[in-house]
Amino acid sequence: MSFFKKFKKKQTGKNLAENAGNSAISCRQVGQDLQSFLDGESTEITAEALAAHLEACKDCGLEAEVYQKIKDALARRAPELADDSLARLHSFGKQLAESGDPE
Amino acid sequence: MSAAAEAESQKRFETYVVPETEVMFRVAMSITRNKADAEDLVQDTMLRAYRAIDRFDGRHPRAWLLTIMRNAAINRVRRKRPELLRDPDLTMERVANTDPDTANVEAIVVDTVFDAEVERALQSLSEKFIEVIEMVDLNGLSYQEAADAIGVPVGTVMSRLHRARAKIRKHLATSEVAKGRT
Ligand SMILES: [Zn+2]
């Protein structure tokens, strides 16, 4: 399963389990910070501590996986963007960039 | 405006605004729920951006544009939202149209069931929760950008978003789909 690959990427080389053992972060704290982390909105320090915890703690790891799947499902709802609209908007923008304000 | 100033505005517009066209259109679709209105809103936003671009400091163009878009949207008549959400059956259609040679059909079917359950959970949420989910998960905005687009503090975006997903997660835990899978 490739799910943890992106967490591992954020690691800086330390042994994961050892890192989790040393970190002060608790399961409760993970619960609070997990969503920001998955959204890429954590600070680097928090992200590292979280990634280590998720790798070492099965319960939190599964919880992270569920939230990631929810995020993925929500992202899949994206409707196909109307190509004709986008094309018109692109040429509208281009025209502004080339000829300036029509008024 | 002098010719030189005009040329500078055009250059800045090309640099800061044009690359954001698709994101602006996505957010506009979330706001208006309607292709024609979304297109109008983006054009309106582009014009306003063009006229203000000499005062823009060049930092965080997307956040700047979304703030302009929000103000433009406020000035428009907000339509009633007849069809708030997409029909989950559409996802089934997508599965039917997927080439079996290039896609893992089984995985897509499992995803589809999961997606339909997430969709159902989402539909039970109020509009302010759906709004943040669309801004972040669907349109790919950062918390700050979503806050600018909606016009609320970042903390409000965070709490709404996290609560919304927690509600969906709770729904999944009690539904059939979550049983036997993680
Ligand atoms: Zn834990």
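Values in this document were obtained by computation on a predicted structure and should not be read as measured data. (Residues numbered from 1 in each chain as written. Chains lettered and ligands numbered in written order. Predicted model: local features only at pLDDT ≥ 70, side-chain atom pairs only at ≥ 80, totals over all residues. Heavy atoms only, no water.)

> Just checking my understanding: could you explain the overall build of chain A for this structure?
Of the regular secondary structure elements, chain A holds six helices and zero strands. Reading chain A from its N end, one meets helices and strands in the order α-α-α-α-α-α. Within the span of chain A, comprising 103 residues, buried residues form 43% of the whole. Pairs at least 24 residues apart make up 70% of the contacts formed inside chain A by residues separated by at least 6 positions. Carbon together with sulfur atoms contributes 50% to the accessible area of chain A, which is approximately 5800 Å² in total. (Helix = DSSP H or I, 4+ residues; strand = E, 2+ residues; numbered from the N terminus. Buried < 20%, exposed > 50% of the residue type's maximum accessible area, 1.4 Å probe, protein only. Contact = heavy atoms within 4.5 Å. Areas by Shrake-Rupley, 256 points an atom, 1.4 Å probe, with all protein chains shown as cover.)

> Is there a simple way to explain the interface of chain A and chain B in this structure?
Buried accessible area, meaning the area lost when the parts come together, often serves as the stated size of an interface. Contacts between the two partners involve 37 residues from chain A, matched on the other side by 43 residues from chain B. Carbon and sulfur atoms supply 60% of the area that chain A and chain B bury against each other, a total of about 3900 Å² over both sides. Counting the contacts that link chain A with chain B gives seven salt bridges. Of the charged contacts in the structure, one is a salt bridge between E63(A) and R169(B), with a shortest N-O distance of 2.9 Å. At the boundary of chain A and chain B, one finds 12 residue pairs in polar contact (both at pLDDT 80 or more). Of all the secondary structure elements, the ones that give two or more residues to the side of chain A that touches chain B are α3 (27-38), α5 (58-76) and α6 (83-99) of chain A. Classifying every residue of the side of chain A that touches chain B gives 17 nonpolar, seven polar and 13 charged. (Buried area = accessible area lost by both parts, 1.4 Å probe. Salt bridge = Lys/Arg side-chain N within 4 Å of Asp/Glu carboxyl O. Polar contact = N/O pair within 3.5 Å; in protein donor to acceptor, adjacent residues only side chain to side chain. Nonpolar A, V, L, I, M, F, W, Y, C, P; charged D, E, K, R; others polar.)

> Just to check I follow, could you spell out the nonpolar core for this structure?
For soluble globular proteins, nonpolar side chains are generally found buried alongside one another. All names here are of chain B. By size, the foremost hydrophobic cluster in this structure holds 72 residues, and its most contacted members are F13, V17, V27, W64 and I168. Counting residues per element, this core draws most heavily on helix α3 (residues 35-52), which supplies eight residues. Looking at which domains feed residues into this core, each of domain 1 (3-79) and domain 2 (89-173) gives three or more. Once residues lying within four places of it in the same chain are set aside, the contact partners of V27 are L66, M69, M135, N139, L141 and A149. (Core = buried A, V, L, I, M, F, W, Y, C linked by side-chain atoms within 4.5 Å. Domains from an automatic or database assignment.)

> How should the coordination of the zinc ion be read in this particular structure?
Ideal donor angles around a metal are set by the shape: a four-donor tetrahedron calls for 109.5 degrees, a six-donor octahedron for 90 or 180 degrees. All names here are of chain A. The protein atoms that coordinate the zinc ion are C27 (SG), H53 (NE2), C57 (SG) and C60 (SG), at distances spanning 2.1 to 2.3 Å. The coordination sphere of the zinc ion comprises four donor atoms, whose angles at the metal cover 104 to 113°; the geometry is tetrahedral. Every donor residue of the zinc ion comes from the same chain, spaced as C-x25-H-x3-C-x2-C. Of the two residues, C27 sits in helix α3 while C57 sits in the loop between α4 (44-56) and α5, which places them 30 residues apart along the sequence. On the basis of relative accessibility, which here comes to 18%, the residue C57 falls in the buried class. (Donors = N, O, S within 2.8 Å, 3.2 Å for Na, K, Ca; no water. Tetrahedral: all angles 85-135°; square planar, octahedral: opposite > 155°, others 65-115°.)

> Just to check I follow, could you spell out a positive patch on the surface for this structure?
Residues and elements named next belong to chain B. On the surface, K128, R163, K167 and K170 cluster together into a positively charged patch. Ranked by residue count, the leading element in the positive patch is helix α9 (residues 154-174), at three residues. Positionally, K167 belongs in helix α9. (Patch = residues over 30% accessible without salt bridge, like charges linked within 9 Å, V, L, I, M, F, W, Y side chains within 5 Å. Lys, Arg positive; Asp, Glu negative; His and termini not counted. Charge placed at Lys NZ, Arg CZ, Asp CG, Glu CD.)

> How should I be thinking about the packing of α5(A) against α9(B) in this particular structure?
One way to put it is that α5(A) packs onto α9(B) with a least axis distance of 10 Å and a crossing angle of 105°. Here α5(A) lies roughly perpendicular to α9(B), going by the angle between them. Residues E63(A), V66(A), Y67(A), I70(A), K71(A) and L74(A) of α5(A) touch α9(B), and the partners they reach there are R165(B), A166(B), I168(B), R169(B) and L172(B). The class makeup of the residues in the contact of α5(A) with α9(B) is seven nonpolar, no polar and four charged. (Axes fitted to C-alpha atoms, helices over the stretch in contact; angles between N-to-C directions. Parallel < 35°, antiparallel > 145°, perpendicular 65-115°, else oblique.)

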